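# Coordinate inspection notes
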Amino acid sequence: MQTPQNNRLSPSASAARHETAAQRPDDARWICRVLPASGALRQPWRNGGGITHQIAVWPPAAQGGDLIWRISTADVAQPGSFSNWDGFERQLWVTHGAGMRLTDPASGAVTLLRQGMSLDFPGERRYACDLLEGPVRDLNVMLRRGHGAIRSARLCGAHTVDLGTGHTIIYCVRGSAQVRVADSRSTALAAGDALLVQQATATDRPRQAVIHGQDSTTECIAIALDCGTPLPPDPALPGK
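Thresholds, definitions, all that
Residues numbered from 1 in each chain as written. Predicted model: local features only at pLDDT ≥ 70, side-chain atom pairs only at ≥ 80, totals over all residues. Heavy atoms only, no water. Helix = DSSP H or I, 4+ residues; strand = E, 2+ residues; numbered from the N terminus. Areas by Shrake-Rupley, 256 points an atom, 1.4 Å probe, with all protein chains shown as cover. Phe/Tyr/Trp six-rings, centres within 6.5 Å; stacked < 30°, edge-to-face > 60°. Buried < 20%, exposed > 50% of the residue type's maximum accessible area, 1.4 Å probe, protein only. Salt bridge = Lys/Arg side-chain N within 4 Å of Asp/Glu carboxyl O. Pairing = 2+ DSSP bridges. Axes fitted to C-alpha atoms, helices over the stretch in contact; angles between N-to-C directions. 1 Å grid on protein atoms, 1.4 Å probe; cavity = no way out; pocket = protein on both sides within 12 Å on 5 of 7 lines; lining within 4 Å. Points joined across faces, edges and corners; volume = space filled by probe spheres on them. Nonpolar A, V, L, I, M, F, W, Y, C, P; charged D, E, K, R; others polar.

## Comments concerning the overall build of the protein chain
In terms of regular secondary structure, the protein chain is built from 0 helices and 20 strands. Split by element, the accessible area of the protein chain, about 10500 Å² in all, is 49% carbon and sulfur.

Here's what the structure looks like:
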C-alpha cells in the first residue's frame, strides 16, 4: 500500500477579482489576485464522470496543448476512474469527506487517501476510485511535466510559507484567513477562495507569505509552483 504525503512545503513559522501589487509602488515584484469561490469555471471531466471547478489556469484561458498548470476542485459522489492526463504531474488533496481508496489498474497497488492527505502521481495513471464513507471534495493540482515542480502544505492557524519562483496559490479550505505577501496589505480569504501570487520580476528578497487563520479551525493549502525563473506577467494584472 502506498503512503500519501500531507506536507511538502515546509512552513517557516475568471470573475471580478481584487488585484494588488504586493511591494512598494516603485518596486512591484509580486502581483496578487483574489480568486473567489463564486468565480470558479465549471468544466466536465475528460471522462465525463463529473464536473471540475477550475480555480486558476496558466496561461490565462489555456486549454489542452496550451496548458502549463491548473488548480481545480471536484465533488466526487460515486466510484469511477480518473481521467487520462498524459504528460502532466498531478497532486490530489482530499479536503472534505472521509476519503477514497485508489487502486492502480496496472499494478493493483492500493492507496488510502483520507481527509487532509494528498498524493502525487503521473497524469496517465488512471486510478480506480472507491469512496470510503460517502462523497468527498478534492483539490487538484496539475503541472505539465518538465515545467518545474510542485511544493505544497496543509496549514492550520498561523504560518509563514515560502513562495514559488513562478506562481503560488493559497487556497482556503475552511474558516477564513488573512494573507500578507511581502510588503502588501493583508488580503481576506473565505472558505473556497484562493489567492494567486505571481512573481513579476526577479528578486533576491525573501519570498514569503504570512497566513493568519481566524482560529484553530481555519485550514489552508499553499501550493508553490517552482518554475526556475519568473513567468511572464499576466498582461491583465497591474504592476511593472
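## Remarks on the packing of aromatic side chains
Tallied over the entire structure, the rule returns 4 aromatic pairs. A ring pair is formed by phenylalanine 82 and phenylalanine 121, whose centres lie 5.7 Å apart and whose planes are at 50°; its orientation type is tilted. Taken together, the positions of phenylalanine 82 in the loop between strand E6 (80–81) and strand E7 (88–96) and phenylalanine 121 in strand E10 (residues 118–122) put the pair 39 residues apart, joining distant regions of the chain. Given a relative accessible area of 12%, phenylalanine 82 falls into the buried group. Here tryptophan 85 and phenylalanine 88 contribute two aromatic rings whose centre-to-centre distance is 5.6 Å and whose plane-to-plane angle is 90°, an arrangement assigned as edge-to-face. Tryptophan 85 gets classed as buried once you look at its relative accessible area, which sits at 9%. Among the aromatic side chains, those forming a connected cluster through ring pairs are Phe82, Phe121 and Tyr127.

## What about the pattern of salt bridges?
Summed over the entire model, instances satisfying the criterion amount to 6 salt bridges. The closest approach of N and O atoms between aspartate 104 and arginine 125, which form a salt bridge, is 3.5 Å. One end of the pair, aspartate 104, is in the loop between strand E8 (99–103) and strand E9 (110–114); the other, arginine 125, is in the loop between E10 and strand E11 (128–131), with 21 residues separating them in the sequence. With relative accessibility at 25%, the residue arginine 125 sits in the partly exposed group. The partner of arginine 154 in a salt bridge is glutamate 219, with the nearest N and O atoms 2.9 Å apart.

## A closer look at the sheet that holds E8
Strand order in the open sheet formed by 4 strands is E6-E11-E8-E9, and the pairing between neighbours is antiparallel. Each end of this open sheet is capped by a strand with a single partner; those strands are E6 and E9.

## A closer look at the sheet that holds E10
Ordered by their spatial adjacency, 6 strands build an open sheet running E3-E4-E5-E12-E7-E10, and the pairing between neighbours is antiparallel. In this open sheet, the two edge strands, each paired with only one partner strand, are strand E3 (41–44) and E10. With direction set aside, neighbouring strand axes in the sheet form an average angle of 30°. In the sheet, strand E4 (residues 51–58) pairs with strand E5 (residues 69–76) via 6 bridges, with the strands oriented antiparallel. Directly across from histidine 53, in E5, lies its bridge partner threonine 73.

## Describing unusual backbone geometry
Look at the link from tryptophan 58 to proline 59: it is a cis peptide, with omega at -5°. Its place among the elements puts proline 59 in the loop between E4 and E5.

## Focus on the layout of surface pockets
By volume, the largest pocket is sized at about 580 Å³. For the largest pocket, the lining is made up of 34 residues, of which Trp45, Arg46, Thr52, Arg70 and Ser83 are closest to its centre. Elements supplying a minimum of two residues to the lining of the largest pocket: E3, E4, E5, E6, E7 and strand E12 (136–144). The dominant element in the lining of the largest pocket, judged by the number of residues it contributes, is E5, at 5 residues. Looking at side-chain class alone, the lining of the largest pocket contains 15 nonpolar, 14 polar and 5 charged residues.

## A closer look at the pairing of E12
Along E12, 7 of the 9 residues are buried, which leaves the element largely enclosed by surrounding structure. Summarising the sheet, E5 and E12 pair through 8 bridges and their orientation is antiparallel. By the bridge assignment, alanine 74 is partnered in E12 with aspartate 138. Both E7 and E12 contribute to a ladder of 8 bridges, which runs antiparallel. The residue of E12 that forms the bridge with glutamate 89 is leucine 143.

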